[in-house]
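Chain residues, written in single-letter form:
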Amino acid sequence: MKARLAFLFFAICFLLFLIVISKSRKDEEVKINEEVHHISDIEFQSKDSITLLRRKTGKIEELNLNYYMLCVVASEMPFKFDFEALKAQAVVARTYLYNKIEKNLEDVADVCDDYSHCQAFIDLNDLERIWKEEKKYSDEEIMIGEEKIKKAILDTDGEIITYDGKIINALFHSSSYMKTEDARAIWNHEDVPYLRSVDSVENPYDNSESECIISFIKLKNTLIDKGYFNELNMEDIQNIKINSYTDSGRVNNIKIAGSLIDATDLRQLFGLKSTCFTISIEGDEIIFHVKGYGHGVGMSQVGADTLAKQGKSYKDIIQHYYTGVDITKIN
Ligand SMILES: [Zn+2]
């Protein structure tokens, strides 16, 4: 009888203990939410809206400006990046948008959701799914990340980048190896005084170096298909060489069978991550050893994060990557 009573007593004590623990956990969760989640939807709303063309469906949507900005910044830069880098990306994204609007570069809307034409735009619901399922972030990490981006957008509200009083074409890319690229070096681009090559010493990150392996057959067929050659023999392919470099150290063009092919064309044809590469040959394959990611012009995102971690502000970062610019409030 005594033993049974003692057991009952301990069982009740244990139950009470569990209840107290779970309540204090809940209190803790609420406290975390209150601390972090302080930007309300109303506070975050902009008075302006934009129109977005969905490339896949052809539909045009009207979106609140800040919701558009949130989705773009979150699609273009990992929220784990330093806060000042996210602020720099917010100003760049806003500048990019207003430049498109001012120059009327999108026919039927202000901007589209295709990253290769405008800026990457993924809906917040889809981003949250990607963060949770693919990146394995916890709900709390996601909440803090979103809050960080919202704050970056509000803290830089209305700020855009100008050169000589005019809004700039704020090109950016994922990462550069040592130096960014001068706009003149790619796309036969005109001289843009604020898109010059600058130093970009970057912290190492996952996949900062990549390899692209192309078989001789694939190289031959692709170059013939695209009209570069009528015929190409294996000896010509084996003798593929880098012909010249741009001032930033990226490959300018390669030489094959006496003809020159632009490295930017080669990058597109074979999906190389950048034009900063060396070539080696193994058996009947060509291996491109690539450093960095993207066209290399304008702000490097990994470089922005690196500078931010060294204590630089978002204004320092923008003025480092875009030569001679000002940061001003849009009217
Ligand atoms: Zn577009």
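Above this text you will find the structure in question.
Keep in mind it's a predicted model, so treat the numbers as computed, not measured. (Residues numbered from 1 in each chain as written. Predicted model: local features only at pLDDT ≥ 70, side-chain atom pairs only at ≥ 80, totals over all residues. Heavy atoms only, no water.)

Caption draft 1: How the structure looks around the overall build of the protein. Summing up its helical and strand segments, the protein has 11 helices and 16 strands in all. Residue burial in the protein is summarised as follows: out of 331 residues, 43% are buried. Nonlocal contacts in the protein, meaning residues at least 24 apart in sequence, comprise 65% of its contacts between residues at least 6 apart. A total accessible area of about 18,400 Å² is found for the protein, and carbon and sulfur atoms account for 51% of it. (Helix = DSSP H or I, 4+ residues; strand = E, 2+ residues; numbered from the N terminus. Buried < 20%, exposed > 50% of the residue type's maximum accessible area, 1.4 Å probe, protein only. Contact = heavy atoms within 4.5 Å. Areas by Shrake-Rupley, 256 points an atom, 1.4 Å probe, with all protein chains shown as cover.)

Caption draft 2: Fine view of the coordination of the zinc ion. Here the zinc ion is held by Glu106 (OE), Cys112 (SG), His117 (ND1) and Cys118 (SG), and the distances to it run 1.9 to 2.3 Å. Around the zinc ion, the 4 donor atoms sit at angles spanning 90 to 116 degrees, and that spread fits a shape best called tetrahedral. Donor residues binding the zinc ion come from one chain and are separated in sequence as E-x5-C-x4-H-C. In this pair, Glu106 is assigned in the loop between helix 4 (83–102) and strand 3 (111–112) and His117 in the loop between strand 3 and helix 5 (124–134), connecting sequence segments 11 residues apart. (Donors = N, O, S within 2.8 Å, 3.2 Å for Na, K, Ca; no water. Tetrahedral: all angles 85-135°; square planar, octahedral: opposite > 155°, others 65-115°.)

Caption draft 3: Representation of the side chain of Thr275 within the structure. The topology assignment puts Thr275 in the loop between helix 9 (263–270) and strand 13 (277–282). Judged by relative accessible area, which is 5%, Thr275 ranks as buried. In this structure Thr275 touches Arg250, Val251, Ala263, Thr264 and Arg267, once residues within four positions along its chain are discounted.

Caption draft 4: Looking closely at unusual backbone geometry. Phi is positive for Asp164, close to 55 degrees, though the residue is something other than glycine. Mapped onto the elements of the fold, Asp164 is located in the loop between strand 4 (159–163) and strand 5 (166–167). Its relative accessible area of 64% is what places Asp164 among the exposed residues. Even without glycine at this site, Met178 takes up a positive phi of about 75 degrees. Among the structural elements, Met178 can be located in strand 7 (residues 178–179). A relative accessible area of 46% places Met178 in the partly exposed class.

Caption draft 5: Structural view of the sheet that holds strand 4. The 3 strands are arranged 5-4-16 in an open sheet whose pairing can be described as antiparallel. Pairing within the sheet leaves two strands with one partner each, and these edge strands are strand 5 and strand 16 (326–329). Across 4 bridges, the pairing between strand 4 and strand 16 is antiparallel. Within the sheet, the bridge partner assigned to Ile160 lies in strand 16 and is Thr328. Its contacts with the sheet put helix 4 on strand 4 and strand 5, and the angle it makes with strand 4 is roughly 65 degrees. (Pairing = 2+ DSSP bridges. Axes fitted to C-alpha atoms, helices over the stretch in contact; angles between N-to-C directions.)

Caption draft 6: The arrangement of a negative patch on the surface in detail. On the surface, Glu211, Glu282, Asp284 and Glu285 cluster together into a negatively charged patch. Turning to its location among the elements, Asp284 is positioned in the loop between strand 13 and strand 14 (285–291). (Patch = residues over 30% accessible without salt bridge, like charges linked within 9 Å, V, L, I, M, F, W, Y side chains within 5 Å. Salt bridge = Lys/Arg side-chain N within 4 Å of Asp/Glu carboxyl O. Lys, Arg positive; Asp, Glu negative; His and termini not counted. Charge placed at Lys NZ, Arg CZ, Asp CG, Glu CD.)

Caption draft 7: Layout of helix 3 (residues 65–76). Along its 12 residues, helix 3 runs 16 Å from first to last C-alpha, staying within 8% of the 16 Å computed at 1.5 Å per residue. A large share of helix 3 lies buried, amounting to 11 of its 12 residues. Considered for burial, the residues of helix 3 that qualify are Leu65, Asn66, Tyr68, Met69, Leu70, Cys71, Val72, Val73, Ala74, Ser75 and Glu76. One side-chain oxygen at the N-terminal end of helix 3 lies 3.1 Å from the backbone nitrogen of Asn66; it belongs to Asn64. (Expected span 1.5 Å × (residues − 1). Polar contact = N/O pair within 3.5 Å; in protein donor to acceptor, adjacent residues only side chain to side chain.)

Caption draft 8: Just the nonpolar core, in detail. Grouped together as the largest cluster of nonpolar side chains are 65 residues, with contacts concentrated most on Met299, Ile318 and Tyr322. Ranked by residues supplied to this core, first place goes to helix 4 with 10 residues. Sequence-distant contacts of Ile318, defined by excluding residues within four places in its chain, comprise Ala88, Val91, Ile161, Val325 and Ile327. Phe216, Ile237, Leu266 and Phe270 belong to the second largest nonpolar core, which has 21 residues in total. (Core = buried A, V, L, I, M, F, W, Y, C linked by side-chain atoms within 4.5 Å.)

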